[in-house]
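Structural features, examined
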Amino acid sequence: MDPEFERALVHFITVCPYVTALRDLITKQRIELQNDYVLDCYYNLTLGKYSYTLVQGEKRLIGWDNAPHHTTLPNFPHHVHRPNGVVEASELKGEPWHDLEIVFTEVNTLLATVSENL
């Protein structure tokens, strides 16, 4: 695993109060979260690819990646798939420390809202 990616993951699981476990799935890291949420994290420095996907049960809620589609978006190839199906440009850059801070903020906000409504 890339050392920068590993440091960013450790920071994420340290500061996120909703983390229950971290699982190494060989091709990606899975952060298990409260209330049946998981964040699948994939980063490959050699290929220059990443994907961060928040899932609840079988449903993808939010997904950030840099797959080379959605070519008309600003900040191509970096984009985010929203829960309502909209795909928009994202602030991610392919730099784990920077990117996981943005993902953390959004995931933490969403899970805080969910926790308040339980």
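The preceding data block contains the structure.
Residues numbered from 1 in each chain as written. Predicted model: local features only at pLDDT ≥ 70, side-chain atom pairs only at ≥ 80, totals over all residues. Heavy atoms only, no water.

Bringing the overall build of the protein into the picture now. Along the protein, the regular secondary structure elements total 2 helices and 7 strands. From first element to last, N terminus to C terminus, the protein shows the α and β order α-β-β-β-β-β-β-β-α. Compactness check: the protein gives a C-alpha radius of gyration of 14 Å against a globular reference of 13 Å for 118 residues, within 12% of the reference. Dimensions of the protein along its principal axes, counting C-alpha atoms only, are 40 × 35 × 25 Å. Among the 118 residues that make up the protein, the fraction classed as buried is 36%. Counting every atom, the protein has about 6,700 Å² of accessible surface; 52% of that belongs to carbon and sulfur. (Helix = DSSP H or I, 4+ residues; strand = E, 2+ residues; numbered from the N terminus. Rg over C-alpha atoms; globule rule 2.2 N^0.38 Å. Buried < 20%, exposed > 50% of the residue type's maximum accessible area, 1.4 Å probe, protein only. Areas by Shrake-Rupley, 256 points an atom, 1.4 Å probe, with all protein chains shown as cover.)

Most often, soluble globular proteins keep nonpolar side chains buried together rather than apart. One finds Phe12, Leu33, Leu39, Tyr52, Leu100, Val103 and Val107 to be the most contacted residues of the largest nonpolar core, which totals 26 residues. Going through the elements one at a time, α1 (3–15), β2 (29–33), β3 (37–44), β4 (49–56), β5 (59–65) and α2 (96–116) are the ones with two or more residues in this core. When residues of this core are assigned to their parent elements, the largest contribution, 6 residues, is made by α2. For leucine 39, the contacting residues outside a window of four places in its chain are Phe12, Gln29, Arg30, Ile31, Leu33, Tyr52, Thr53, Leu54, Val103 and Val107. (Core = buried A, V, L, I, M, F, W, Y, C linked by side-chain atoms within 4.5 Å. Contact = heavy atoms within 4.5 Å.)

In this section: α1. Relative to the 18 Å expected for 13 residues at 1.5 Å per residue, α1 spans 18 Å between its end C-alpha atoms, a close match to the ideal helical length. Where the residues of α1 are buried, they touch β1 (19–24), β2, β3, β4 and α2. Its side-chain oxygen placed 3.2 Å from the backbone nitrogen of glutamate 4, aspartate 2 serves as the N-cap of α1. (Expected span 1.5 Å × (residues − 1). Polar contact = N/O pair within 3.5 Å; in protein donor to acceptor, adjacent residues only side chain to side chain.)

Per the stated rule, a full pass over the model turns up 3 aromatic pairs. Between the aromatic rings of phenylalanine 5 and tyrosine 43, the centroid separation amounts to 5.4 Å while the plane-to-plane angle is 35°, which identifies the pairing as tilted. One end of the pair, phenylalanine 5, is in helix α1; the other, tyrosine 43, is in strand β3, and 38 residues separate them in sequence. Judged by its relative accessible area of 14%, tyrosine 43 is buried. Ring centres of phenylalanine 12 and phenylalanine 104 lie 5.6 Å apart, and the angle between their planes is 90°; this geometry places the pair in the edge-to-face category. You can see phenylalanine 12 sitting in helix α1 and its partner phenylalanine 104 sitting in helix α2, a full 92 residues away along the chain. (Phe/Tyr/Trp six-rings, centres within 6.5 Å; stacked < 30°, edge-to-face > 60°.)

With that settled, the discussion passes to the state of the cysteines. Scanning all chains against the criterion turns up 0 disulfides. The cysteine cysteine 16 is free of any disulfide, with cysteine 41 supplying the nearest cysteine sulfur at 11 Å. (Disulfide = S-S within 2.5 Å.)

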